[in-house]
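Listed here are the chains, written in short residue letters.
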Amino acid sequence: MSDIFSEIPYEIVVKILSFLLAKDLCSISLVNKNLLSFTQDDYIWQSICINQFPASRISEEQQNMISEEATSKIQETDNLGNQSGTNFIETIVSNLAKLVLNTPSVESNSNEKQVTVSEHSEWKRLYKRLSRHINFIAKERGVIWLDCQQGGGDNHHWRTIEDSQSEFGKVVYLDYVWWFDVSSTLKAVLPGTYDVVWRLKIEQSNYSRRYYRNIQNLNFSTTVIERFEDEGDAETAIHDEQKHNHIPQPTLYANITRKSEWVEYCLPYKIDVPERKIVDGKMVYHDIHLKIYNHDSTSKSGLWIDYVRLREHDKNRVYEQFEEIEENEPNSTRDDDNYDSDYDTDNDDGMT
């Protein structure tokens, strides 16, 4: 049987496909080689990005891509070690110029979005970055007292440490601290139902250390926040938020410690991100604010954190269990009473 799409003008097919979701495009690409070629067209991914993400978020990720590309080129040159200083500068400038030329310019207002993009842009790669809801804590650095030396000495509260087992290459390590907050915000999360996963490691007890106490009574909180497009940090009404809080059972820490390796700890609740809507002519998006915190008066040490991520919920996906999850677990709550306590294809007070 002939492929009906081969009889339709290319531009029309691409326009039709641009209205689909990314997961649907992936399914269509498996039908045959002809449809696969259609789904690779950058116009499709350009449309998906612009329709699903605020202009500010697109621009932010474009700048991240440029910065990472420049850093990568610098590292390549340093590793080769055989380019002259002049050639080195020329190489960096040349690559940055290409990136700028190939980076789409996005302008947004309440009525329309205009995008100017060269034919060699990589919108599909940009979409993957935008929809991969993961933050590496050492990169985002949403940690109080990170890399701050106490009293000018060698003792740190939290430290950034290189780790080859991390996708990012660096993790944060809790040397010792009395209370702490580790937070992360995933921006413009796509509608869907997600699992919240933290990648952690807990060090074996070392009672010879003066300040050592076992990690315990950690609070894991997750908040879904509605935001108007390009509104910055302003939030919508409190009743439109979802808040979840979870205090794990004590067995969690002992079980993770015994593993003596990195683990993915999936919180015992799912996050529902609503479909987007238009309010007063503006698109409403949803950010997810995630935090691990502990404010009690005991010193703590030995916690390693790599990342926090959202994975599309799949009832067939199995996570390792580190605690006994009861059907109606009392420590895992949805904050309806205002409790205040991939497309998966990642200062003065010490805040960095």
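Up top you'll find the structure we're talking about.
The sections below set out a description of the structure shown in this document. In this text the structure is predicted, and so the values were computed from the model without any measurement.

This next bit is on the overall build of the protein. A tally of helices and strands in the protein yields nine helices and 14 strands. A total of 352 residues make up the protein; the buried ones form 43% of that total. Surface summary for the protein: the accessible area is close to 19100 Å², and the carbon and sulfur share equals 49%.

Once that is clear, we can look at the packing of aromatic side chains. Scanning the model with the defined rule gives 10 aromatic pairs in all. Judged by centre distance (5.8 Å) and plane angle (85°), the rings of Phe136 and Tyr307 are edge-to-face. In this pair, Phe136 sits in strand 3 (residues 134-136) while Tyr307 sits in strand 13 (residues 303-312), placing the two residues 171 residues apart along the sequence. Taken as a pair, Phe136 and Tyr307 share a single burial class, namely buried. Ring centres of Trp145 and Trp179 lie 4.9 Å apart, and the angle between their planes is 65°; this geometry places the pair in the edge-to-face category. Of this pair, Trp145 sits in the loop between helix 8 (137-140) and strand 4 (158-162) while Trp179 sits in the loop between strand 5 (170-174) and strand 6 (180-186); the two residues are 34 residues apart in sequence, bridging distant segments of the chain. A network of ring pairs unites the aromatic residues Trp45, Phe53 and Tyr127 as a single cluster. Positioned above the aromatic ring of Trp304 is the side chain of Lys201, whose terminal nitrogen or guanidinium carbon lies 4.6 Å from the ring centre.

Note on placement: Ser299 falls in the loop between strand 12 (282-294) and strand 13. With relative accessibility at 4%, the residue Ser299 sits in the buried group. Distance from Ser299 to Trp179, taken between C-alpha atoms, is 7.3 Å for residues 120 residues apart in sequence.

Attention now goes to the nonpolar core. Within the largest apolar cluster, 61 residues are counted, with the highest numbers of intra-cluster contacts made by Trp158, Phe180, Val196, Trp198, Ile288, Leu303 and Ile305. Ranked by residue count, the leading element in this core is strand 10 (residues 263-273), at six residues. In contact with Ile305, other than residues within four places in its own chain, are Ile137, Trp158, Val171, Val172, Val182, Trp198, Arg199, Leu200, Trp262 and Ile292.

Another aspect to go through is the pairing of strand 5. Remark: a regular strand shows side chains that alternate across the two faces of the sheet. Counting buried positions over the five residues of strand 5 gives four, a clear majority of the element. Alignment of strand 4 against strand 5, held across five bridges, turns out to be antiparallel. Paired with Thr160 across the two strands is Val172, which belongs to strand 5. As defined by bridge partners, strand 5 adjoins strand 13 across two bridges and the pair is classed as antiparallel. Bridging from a neighbouring strand, Tyr173 pairs with Trp304 of strand 13.

Before going further, it helps to examine the pattern of salt bridges. Scanning all chains against the criterion turns up 19 salt bridges. Two residues, Lys23 and Glu312, come together in a salt bridge whose shortest N-O distance is 2.9 Å. Of this pair, Lys23 sits in helix 2 (residues 22-28) while Glu312 sits in strand 13, and the two are 289 residues apart along the sequence. Owing to a relative accessible area of 32%, Glu312 belongs among the partly exposed residues under this scheme. In this structure, Glu60 engages Arg57 in a salt bridge whose closest nitrogen and oxygen atoms are separated by 3.3 Å. Of this pair, Glu60 and Arg57 both sit in helix 5 (residues 55-80), three residues apart, roughly one helical turn. Salt bridges sharing common partners tie together Arg57, Glu60, Glu61, Glu68, Arg129, Lys139 and Lys187.

A few words now on the pairing of strand 13. For strand 13, the buried fraction is high: nine of the 10 residues fall into the buried class. Relative to strand 13, strand 3 is paired through three bridges, and the arrangement is antiparallel. By the bridge assignment, Asn135 is partnered in strand 13 with Val308. As defined by bridge partners, strand 7 (residues 192-202) adjoins strand 13 across eight bridges and the pair is classed as antiparallel. Looking across to strand 13, one finds that Val197 is bridged to Arg309.

This part covers helix 4 (residues 42-52). For helix 4, the tally of buried residues reaches nine of 11 residues, placing the bulk of the element in the interior. If you check which residues of helix 4 are buried, you get Asp42, Ile44, Trp45, Gln46, Ser47, Ile48, Cys49, Ile50 and Gln52. The distance from a side-chain oxygen at the start of helix 4 to the backbone nitrogen of Tyr43 is 2.8 Å, and the residue carrying that oxygen is Asp41.

The rules behind the values
Residues numbered from 1 in each chain as written. Predicted model: local features only at pLDDT ≥ 70, side-chain atom pairs only at ≥ 80, totals over all residues. Heavy atoms only, no water. Helix = DSSP H or I, 4+ residues; strand = E, 2+ residues; numbered from the N terminus. Buried < 20%, exposed > 50% of the residue type's maximum accessible area, 1.4 Å probe, protein only. Areas by Shrake-Rupley, 256 points an atom, 1.4 Å probe, with all protein chains shown as cover. Phe/Tyr/Trp six-rings, centres within 6.5 Å; stacked < 30°, edge-to-face > 60°. Lys NZ or Arg CZ within 6 Å of the ring centre and 35° of its normal. Core = buried A, V, L, I, M, F, W, Y, C linked by side-chain atoms within 4.5 Å. Contact = heavy atoms within 4.5 Å. Pairing = 2+ DSSP bridges. Salt bridge = Lys/Arg side-chain N within 4 Å of Asp/Glu carboxyl O. Polar contact = N/O pair within 3.5 Å; in protein donor to acceptor, adjacent residues only side chain to side chain.

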